[in-house]
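Descriptive structure summary
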Amino acid sequence: MLIISWVMLLMFGVLLLVNVVTREELHRSIEDQVDQALVQEIEEFVGVAAGGVNRSTEEPYTSVEELIDSHLQRQFPDDDEVVVGVLPNGGIVRQDRGEPYQFASRPDRVRQVVADADDVGSLHTDEGELRWRKVAVQPPVGEDRPGHFIVGFAIDRDRAEIADTMRTLTVVSLVGLILAGVGAYVVSGRILAPIRLVRNAAAEISEKDLTRRIEVSGRDDVSALAEQFNAMLDRLSEAFATQRRFLDDAAHELRTPITIVRGHLELMGDDPDERAAVMRLVTEELDRMSRIVEELLVLAKAERPDFVTPQAVSVAELTVDIHSKVRALGDRRWLLDSVGEGTARVDPQRVTQAMIALAHNAVGHTADDDEIRLGSSLYAGVDGTPTVSFWVTDAGPGISPEDRDRIFDRFQRGPRRHGSPGSRAGAGLGLAIVRAIAEAHHGEVKVQSTPGQGATFGIEMPASIPLERPEP
Ligand SMILES: Nc1ncnc2c1ncn2[C@@H]1O[C@H](COP(=O)(O)OP(=O)(O)OP(=O)(O)O)[C@@H](O)[C@H]1O
Ligand SMILES: [Mg+2]
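Right, let's talk about the overall build of the chain for a bit. Secondary structure summary: the chain contains nine helices and 12 strands in total. For 472 residues, the compact-globule formula gives about 23 Å, and the C-alpha radius of gyration of the chain, at 53 Å, lies well above that figure. Dimensions along the principal axes, computed over C-alpha positions, put the chain at roughly 160 × 50 × 35 Å.

Reading across from one edge, β7-β9-β10-β12-β11 is the order of the five strands in this open sheet, with mixed pairing throughout. Across the chains shown, the open sheet's two edge strands, defined by having one partner strand only, are β7 (333–336) and β11 (444–449). Each adjacent strand pair in this sheet contributes to an overall mean axis angle of 15°, direction not counted. For strand β9 (residues 371–380) and strand β10 (residues 386–394), the ladder comprises nine bridges, and the chain directions are antiparallel. Bridge pairing links Tyr379 to Thr387 in β10. On top of the sheet, helix α7 (residues 315–326) reaches β7, β9 and β10; it is set at about 165° to β9, its chief contact.

Looking now at the confidence of the model for the chain. Looking at the chain as a whole, its pLDDT mean stands at 86, while 93% of the residues score no less than 70. A low-confidence stretch, residues 417–423 (pLDDT under 50), is modelled with seven contacts involving residues beyond four sequence positions or located in other chains. Contacts of residues 467–472 to residues separated by more than four positions or lying in other chains number three contacts, the stretch itself having pLDDT below 50.

Ligand 1 sits among 23 residues. The nearest are Asn361, Gly414, Gly426, Gly430 and Leu431. Put simply, the parts of the chain that give the shell around ligand 1 at least two residues each are α8 (348–364), α9 (430–440) and β12 (455–462). Looking at side-chain class alone, the shell around ligand 1 contains 11 nonpolar, nine polar and three charged residues.

Backbone geometry places Asp369, a non-glycine residue, at a positive phi of 70°. Structurally, Asp369 is set in the loop between α8 and β9. For Asp369, a count of 9 C-beta atoms within 10 Å translates into the label exposed. The phi angle at Asp383 is positive, at roughly 45°, despite the residue not being glycine.

Glancing now at the pairing of β11. In the case of a regular strand, side chains alternate between the two sheet surfaces. Of the strand pairs in this sheet, β11 and β12 are connected by six bridges, and their pairing is antiparallel. Opposite Ser449, over in β12, you have Ala455 as the bridge partner.

So, on to the sheet that holds strand β1 (residues 81–86). The strand order β2-β1-β5-β4-β3 describes an open sheet built from five strands, whose pairing is antiparallel. Bordering the open sheet on either side are β2 (92–96) and β3 (120–125), each of which pairs with just one other strand. Each adjacent strand pair in this sheet contributes to an overall mean axis angle of 25°, direction not counted. Across eight bridges, strand β4 (residues 128–137) lies against strand β5 (residues 147–154) in antiparallel orientation. Looking at the pairing, Arg133 lines up with Val151 of β5.

Side chains of nonpolar character tend, in soluble globular proteins, to be buried together. The biggest cluster of nonpolar side chains holds 43 residues, and the ones touching the most others in it are Ala354, Met355, Leu358, Val392 and Val434. Other than its neighbours up to four places away in sequence, Ala354 contacts Val434, Ile437, Ala438 and Ile459. Val64, Ile68, Val84 and Ala154 belong to the second-largest nonpolar core, a separate cluster that totals 22 residues.

Definitions and limits used
- Residues numbered from 1 in each chain as written.
- Chains lettered and ligands numbered in written order.
- Predicted model: local features only at pLDDT ≥ 70, side-chain atom pairs only at ≥ 80, totals over all residues.
- Helix = DSSP H or I, 4+ residues; strand = E, 2+ residues; numbered from the N terminus.
- Rg over C-alpha atoms; globule rule 2.2 N^0.38 Å.
- Pairing = 2+ DSSP bridges.
- Axes fitted to C-alpha atoms, helices over the stretch in contact; angles between N-to-C directions.
- Contact = placed C-beta atoms within 7 Å.
- pLDDT = per-residue confidence, 0-100.
- Near = placed C-beta within 6 Å.
- Nonpolar A, V, L, I, M, F, W, Y, C, P; charged D, E, K, R; others polar.
- Buried ≥ 20, exposed ≤ 12 C-beta atoms within 10 Å, placed from the backbone.
- Core = buried A, V, L, I, M, F, W, Y, C linked by C-beta atoms within 7 Å.

Shown next as structure tokens:
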């Protein structure tokens with residue numbers, strides 16, 4: 001409605017301008033025309049007077065009276081025009097269609113014009129303005145007084161015509177304005193109807209009921225909008241569902257150790273040995289819980305843009321660094337496979353965190369003195385972009401093809417591991433964190449495994465990632 005009002009206002013302004021300008025233009029052109037007509041008549045008369053020959057007799061004029069008489073007889077003035085001759089003796093000769101304001105029949109007015117000092121002027125009569133022009137006729141030898149030739153034009157009559165035209169124009173403009181208003185109202189109603197539909201549907205879709213969708217028909221902008229809106233709802237409900245699942249899983253994972261701790265404490269007797277055993281178990285469970293909480297926090301943070309802060313690091317140094325850190329995870333034969341030479345823009349802390357999680361898994365799937373190999377390399381990846389990768393290889397049981405994708409999801413654990421003594425099952429968050437770190441670097445996780453012969457888990461990412469994470 002607001003738009004229509006503005007359009008109407010604008011149209012009104014434009015039409016007003018058109019009306020005013022047209023009116024001014026018409027008036028100006030009337031003035032010009034009248035002036036021209038007057039000048040033309042006068043010039044014609046002056047020409048005839050200068051010729052000095054009476055065109056009916058082919059003899060030279062003998063008097064002013066003759067000149068004026070014979071010229072006037074040849075005039076055929078328009079409706080609103082009057083041609084008047086004033087003879088030297090004061091007599092008035094006229095030529096008109098009887099109309100223009102009885103000017104010629106009023107000797108006082110004619111004399112007023114003759115007496116005027118100017119050659120051009122206007123006379124205000126009861127019936128309106130009369131524009132005139134005059135010229136004095138010098139007498140031939142023998143006469144003493146001059147005559148006058150006057151042309152008059154009833155300009156108000158033309159003005160009345162303009163007023164008529166303007167009235168028509170105004171009426172047409174107003175009718176046009178009203179029609180345009182009605183048209184705009186109808187058309188905008190049709191255009192806005194689908195938008196209103198979208199709006200109403202959007203209003204009905206509440207946080208609790210994200211399953212509703214807007215019906216899409218046609219392929220115009222509005223249905224594109226509705227489609228976008230539906231897609232947004234899809235993402236939104238997906239996000240809500242993920243969040244809910246995440247919370248459920250987290251609650252479940254944390255509840256298990258709490259139940260275990262509680263059960264043991266409730267059943268604990270007085271035997272000091274038993275107490276010591278329960279204490280050990282409880283401490284272990286609490287450690288596990290705090291690890292889960294820690295990991296959950298990392299995962300929650302993974303959604304944030306500042307999850308990784310890439311900086312230029314030497315791949316070789318970083319690899320050696322990681323190698324020395326993971327040794328503390330268990331008694332294994334820690335070997336360095338290969339080391340990438342060069343610099344990469346990555347977040348060294350997050351890469352280390354990912355590698356520790358991988359090494360942790362490798363430890364969990366191998367026994368004492370088994371071999372675990374670490375490595376890194378820097379190479380030209382697909383379409384030539386410099387790529388850096390880090391990996392951990394173990395000789396454990398490996399991972400079956402059907403589990404390969406699943407284990408990277410949160411709270412997803414594989415089949416029971418044979419495990420080294422003392423190793424308790426994790427929450428299944430380690431690989432999810434590894435994947436989050438790789439993706440924050442615009443990279444991905446890689447896993448290669450022949451079941452029964454070990455596995456290689458790795459992360460692979462562009463060696464120089466942009467500072468900003470692009471919109472997903
Ligand atoms: N090196 C490996 N060899 C064989 N299976 C593995 C290996 N690493 C991980 N897995 C399988 O993938 C599953 C998921 O690993 P992930 O690191 O996500 O969880 P987790 O180690 O069980 O728990 P968390 O890491 O949270 O303590 C593991 O439960 C295991 O079944
Ligand atoms: Mg793990």
